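One letter stands for each residue in the lines below.
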Amino acid sequence: MEQDPELSKSQRKRDMHALQALGKTLIELPQEKLAKMDLPEPLRDAVMAARRISARGALRRQLQYVGRLMRDVDADRIRSQVDVIEAGSARNTAILHRSERWRTELLEDADAMSRFVSTFPEADTQHLRTLIRNAKREKAEEKPPRSFRQLLRDVRETMLNHERSAESDD
């Protein structure tokens, strides 16, 4: 049985720094997303402790400790879990931006409603038309933008429902 050649000290340091960076990513994740991850208990405890530390030196030492604990676990599995979480966050941001563009078009272009309905046939057109009319009136009367915000929520929800139905059809 052949043994792999010994890793250089530089490579070991790069690997340790990469594990510390992954540990820092874990520390910066929102609490609800961290709770969904499958982490060993000592690592989870160390990450939670690091969240409570505000002193720079103590936080640096805790990050090193998290990196040390990461050497004993399957870092690739944890990295893939973080990637899935970050991809979902990027997807949500993209949907939000698209829904904001649709809202702007719906408010500014009379033909936008027909394009929206052709793209998203499950949309509640009557409700959307009411929100558009109310949002325009609120803007003209300088009232709080309740319908404007509700329009964004409804457009976003319509887009999410459309994506879910497309995924379930596959």
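Residue positions are counted from 1 within each chain, in the order its sequence is given. Only residues with pLDDT of at least 70 are given local features in this predicted model, and only at 80 or more are side-chain atom pairs given and counted; all residues enter the totals for whole chains, interfaces and linings. Only heavy atoms go into the side-chain values, all of them from the structure, while hydrogens and water stay out.

Trainee: Any chance you could explain the pattern of salt bridges here in plain terms?
Mentor: Any two side chains of opposite charge can pair, on the condition that their charged atoms come close. Any carboxyl oxygen of Asp or Glu within 4 Å of a side-chain nitrogen of Lys or Arg constitutes a salt bridge here. Summed over the entire model, instances satisfying the criterion amount to 11 salt bridges. A salt bridge links Asp-76 to Arg-79, with the nearest nitrogen and oxygen atoms 3.4 Å apart. Of this pair, Asp-76 and Arg-79 both sit in helix H5 (residues 75–108), 3 residues apart, roughly one helical turn. Relative accessibility thresholds used throughout: buried, under 20% of the residue-type maximum; exposed, over 50%; partly exposed, between the two (1.4 Å probe, protein chains only). Taking the relative accessible area as the measure of exposure, Asp-76 reaches 55% and is therefore exposed. The class for Arg-79 is partly exposed, based on a relative accessible area of 30%. When the shortest N-O distance is used, the salt bridge between Glu-163 and Arg-91 registers 2.9 Å. Note that Glu-163 is positioned in helix H8 (residues 146–169) and Arg-91 in helix H5, a separation of 72 residues in sequence. Here the salt bridges do not stand alone but share partners, grouping Arg-91, Arg-98 and Glu-163 into one network. Runs of H or I in DSSP of at least four residues are treated as helices and runs of E of at least two as strands, each being numbered from the N terminus.

Trainee: Mind showing me how you'd approach the confidence of the model for the protein here?
Mentor: Reading predicted coordinates in detail is not appropriate for stretches of low pLDDT. Residues with a pLDDT of 70 or more make up 96% of the protein, whose mean pLDDT is 91. Residue-level confidence of the predictor, termed pLDDT, takes values from 0 up to 100. In the model of the protein, H8 stands out as the element of lowest mean pLDDT, 89, in contrast to helix H7 (residues 125–140), which has the highest, 96.

Trainee: Is there a simple way to think about the packing of H7 against H8 in this case?
Mentor: Here an angle of 0 to 180 degrees is reported between the N-to-C directions of two axes, which are lines fitted to C-alpha atoms, with helices fitted over the stretch in contact. Here H7 crosses H8 at 150 degrees, and the two axes come no closer than 7 Å. Considering their axes alone, H7 and H8 lie roughly antiparallel with respect to each other. As for the relative orientation of H7 and H8, their crossing is left-handed in sense. Contact residues: H7 offers His-127, Leu-128, Leu-131, Ile-132, Asn-134, Ala-135 and Glu-138, while H8 offers Arg-146, Ser-147, Phe-148, Gln-150, Leu-151, Asp-154 and Val-155. Its residues assigned to classes, the contact of H7 with H8 shows 7 nonpolar, 4 polar and 3 charged. Angles below 35 degrees are treated as roughly parallel, those above 145 as roughly antiparallel, those between 65 and 115 as roughly perpendicular, and all remaining angles as oblique. For any pair of crossing helices, the crossing counts as left-handed if the nearer helix is rotated counterclockwise from the farther one by less than a right angle, and right-handed if it is rotated clockwise. Contacts between residues were defined by any pair of non-hydrogen atoms, one from each residue, lying within 4.5 Å. Three classes are used: nonpolar for Ala, Val, Leu, Ile, Met, Phe, Trp, Tyr, Cys and Pro, charged for Asp, Glu, Lys and Arg, and polar for all others, with Gly counted as polar.

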